[in-house]
Amino acid sequence: MTDVTDGVLHTLFHSDQGGHEQVVLCQDRSSGLKAVIAIHSTALGPALGGTRFYPYASEEEAVADALNLSRGMSYKNAMAGLDHGGGKAVIIGDPKQIKSEDLLLAYGRFVASLGGRYVTACDVGTYVADMDVVARENRWTTGRSPENGGAGDSSVLTAYGVFQGMRASAQHLWGDPTLRGRRVGVAGVGKVGHHLVDHLRQDGAEVVITDVRPESVRRILDKHPAGVTAVADTEALIRVEGLDIYAPCALGGALDDHSVPVLTARIVCGAANNQLAHPGVEKDLADRGILYAPDYVVNAGGVIQVADELHGFDFDRCRAKAAKIFDTTLAIFARAKEDGIPPAAAADRIAEQRMAEARLRG
């Protein structure tokens, strides 16, 4: 038995990050598909979560990502008030090189073989057009195009939910939900980040942006010639003088032992998943007086949207649900204060309570 397998089995059966109900390893040699589907919990209903297509450095890294992301989806779906558990899939490889119709169809067959225990959607490296292909083999597919019975791009409501989380954070810290006159740093202005910048500018915020892709930065600066500036990288962004809010909107792990001590913002509220690099970072933020809006709470607008596809999509209904992220975020801050714990721990407690109550009923 290899070290990789030993590590996976230990994580599944012995670590605090485990507890998954099912992990499926998928391979289709003819198309080059190698994928991992992780189902963390179905206590609240079928597991729901996106498909990440990424060139992982190793299979072990891919499995670890699937386990972490699926666990996060259980908490996200619980806090969003959805009747869904948490799941996630990762496809191993560079989508620019190996993504094909045959590969996506093969992946769809694997998801279909689970009989509805896992409902898939878009994530990093996968798009609406990809879900249209997957849906040809798997009816438990969301994030499809409107032409194929779906809701289209879920990043619109993801950004809207993050904006509501920011408003709640401002209300809690400064007594006013408006972001007018506040300086907000957005790291990553791709799928979600560019919509978030639109909301911030409409509310009168000053925005500082960065992205590893120059074309993404240029698109924002062209669209917003006033009120938006750019810096070279995230290292520069987190040190911007007078920054009120920091919004990590790229990949996870943005809050770590390096970034937290030098962060100038009073609030962290962004769209990226798994922002806390390791346990204990949430306490480091609290010790510095930085208010952290838990990522899986504020970025739930997208999953609210894709879940609604299963019931006949209605954008206004979804937007109204995403608007409630404002109230949910305030409730988390109140629970954190009441229990004397960081907001991330308070959110976990509320989500775990909902899942536990569902298990007792079920």
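Our structure's up above, just so we're on the same page.
Since we're looking at a predicted model, the values are computed, not measured.

A. Just the packing of helix 6 (residues 155-174) against helix 7 (residues 193-202), in detail. As a packed pair, helix 6 and helix 7 sit with axes 8 Å apart at the nearest point and diverge in direction by 45°. Taken together, helix 6 and helix 7 sit at an angle that is classed as oblique. In this structure, helix 6 crosses over helix 7, and the sense of that crossing is right-handed. Touching Ser155, Val156, Ala159, Tyr160, Val162, Phe163 and Met166 of helix 6 are His195, Leu196, His199 and Leu200, all from helix 7. Of the residues belonging to the contact of helix 6 with helix 7, the class tally is 8 nonpolar, 3 polar and no charged.

B. Layout of the nonpolar core. Met166, Leu179, Val186, Leu196, Val197, Leu200 and Ile209 are the most contacted members of the largest nonpolar core, which has 41 residues in total. Secondary structure elements with two or more residues in this core: helix 6, strand 7 (183-187), helix 7, strand 8 (206-210), helix 8 (214-223), strand 10 (245-248), helix 12 (301-309) and helix 14 (325-339). Ranked by the residues each element gives to this core, the list is headed by helix 6, at 5 residues. The contact partners of leucine 200, leaving out residues within four places of it in the chain, are Phe163, Met166, Leu179, Val184, Val186, Ala205 and Val207. Formed by 21 residues, the second largest nonpolar core is a distinct cluster that contains Cys26, Ala47, Leu104 and Leu105.

C. Expanded view of unusual backbone geometry. Here asparagine 274, not a glycine, exhibits a phi torsion of approximately 50°, which is positive. Positionally, asparagine 274 belongs in the loop between strand 11 (267-268) and helix 10 (281-287).

D. Focus on the pattern of salt bridges. Throughout the structure, instances matching the rule amount to 20 salt bridges. We note a salt bridge from arginine 52 to aspartate 65, for which the minimum N-O separation is 3.5 Å. In this pair, arginine 52 is assigned in strand 4 (residues 51-54) and aspartate 65 in helix 2 (residues 59-79), connecting sequence segments 13 residues apart. You can call arginine 52 buried: its relative accessible area is 10%. Taken together, the shared-partner salt bridges in this structure form one network comprising Arg52, Asp65, Lys88 and Asp123.

E. Representation of the packing of helix 6 against helix 14 within the structure. Here helix 6 crosses helix 14 at 40°, and the two axes come no closer than 8 Å. Classified by the angle between their axes, helix 6 and helix 14 sit oblique to one another. Both helix 6 and helix 14 take part in a crossing whose hand is right-handed. Where helix 6 approaches helix 14, its residues Gly161, Gln164, Gly165, Arg167, Ala168, Ser169, Gln171 and His172 are matched on the opposing element by Ile325, Phe326, Thr329, Leu330 and Phe333. Among the residues forming the contact of helix 6 with helix 14, the class breakdown is 5 nonpolar, 7 polar and 1 charged.

Rules of the game
- Residues numbered from 1 in each chain as written.
- Predicted model: local features only at pLDDT ≥ 70, side-chain atom pairs only at ≥ 80, totals over all residues.
- Heavy atoms only, no water.
- Axes fitted to C-alpha atoms, helices over the stretch in contact; angles between N-to-C directions.
- Helix = DSSP H or I, 4+ residues; strand = E, 2+ residues; numbered from the N terminus.
- Parallel < 35°, antiparallel > 145°, perpendicular 65-115°, else oblique.
- Left-handed = near helix turned anticlockwise from the far one by under 90°.
- Contact = heavy atoms within 4.5 Å.
- Nonpolar A, V, L, I, M, F, W, Y, C, P; charged D, E, K, R; others polar.
- Core = buried A, V, L, I, M, F, W, Y, C linked by side-chain atoms within 4.5 Å.
- Buried < 20%, exposed > 50% of the residue type's maximum accessible area, 1.4 Å probe, protein only.
- Salt bridge = Lys/Arg side-chain N within 4 Å of Asp/Glu carboxyl O.

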